[in-house]
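# Geometric and topological summary
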Amino acid sequence: MHAEMLMQVTKDMRDIFPAGSTSKKSRAKSNIWRKDGALEPDFINNLDNLYDQALKFHNLALTQDFNAIKKQADVLTKSCKACHYLYRGIRVDRDQRDY
């Protein structure tokens, strides 16, 4: 179920980040967008890869092959971190998510 939700989020992210929606809350970096306001192709490629990795994770979860699930969870985590590293700023202020 969580993998399915993540798959949907990767589709929704194309609409969640309208051009210029950088804020302290979202921490989106401006390099997500081209100068014309469209999403950068590399950002979209990262979203597509995240979707693919979440789909693989979902399919493996149905098999209950725990070793394969763990390996794919690591791949999925790296996919998340890669995008966050490139396109998400560091959170410097504490908020309700910390408690």
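Here we summarise the structure given alongside this text.

What counts, and at which threshold
The numbering scheme is per chain: residues are counted from 1 as the chain's sequence reads. Reporting of local features is limited, given that this is a predicted model, to residues whose pLDDT is at least 70; pairs of side-chain atoms are given and counted only at 80 or more, and all residues count toward the totals for whole chains, interfaces and linings. Each side-chain value is derived from all of the structure's non-hydrogen atoms; neither hydrogens nor water enter the calculation. Numbering goes from the N terminus for both helices and strands, where a helix is a DSSP run of H or I of at least four residues and a strand is a run of E of at least two. Given a helix with a known number of residues, its expected span is that number minus one, times 1.5 Å. Note on contacts: a residue pair qualifies if any of its non-hydrogen atoms lie within 4.5 Å across the two residues. The buried label goes to any residue with under 20% of its type's maximum accessible area, the exposed label to any with over 50%, and the partly exposed label to all in between, with areas taken from a 1.4 Å probe on protein chains only. Along the arc lie the directions from the helix axis toward the C-beta atoms.

Between its first and last C-alpha atoms helix 2 (residues 41-63) spans 33 Å; for 23 residues at 1.5 Å apiece the expected length is 33 Å, and the two agree. The elements touched by buried residues of helix 2 are helix 1 (2-16) and helix 3 (66-87). Backbone geometry just downstream of helix 2 places Q64 in the positive-phi region, at approximately 60 degrees.

Next up on the list: helix 3. For helix 3, which comprises 22 residues, the first-to-last C-alpha distance of 31 Å matches the rise-based estimate of 32 Å (1.5 Å per residue) to within 8%. Buried residues of helix 3: I69, Q72, L76, S79, C83 and Y87, and no others. The buried residues of helix 3 all sit within an arc of 80 degrees when viewed along its axis, so they share a single face. Opposite its buried face, helix 3 presents the exposed residues F66, N67, K70, K71, K78, K81 and Y85, each directed more than 90 degrees away. In this structure, the buried residues of helix 3 make contact with helix 1 and helix 2.

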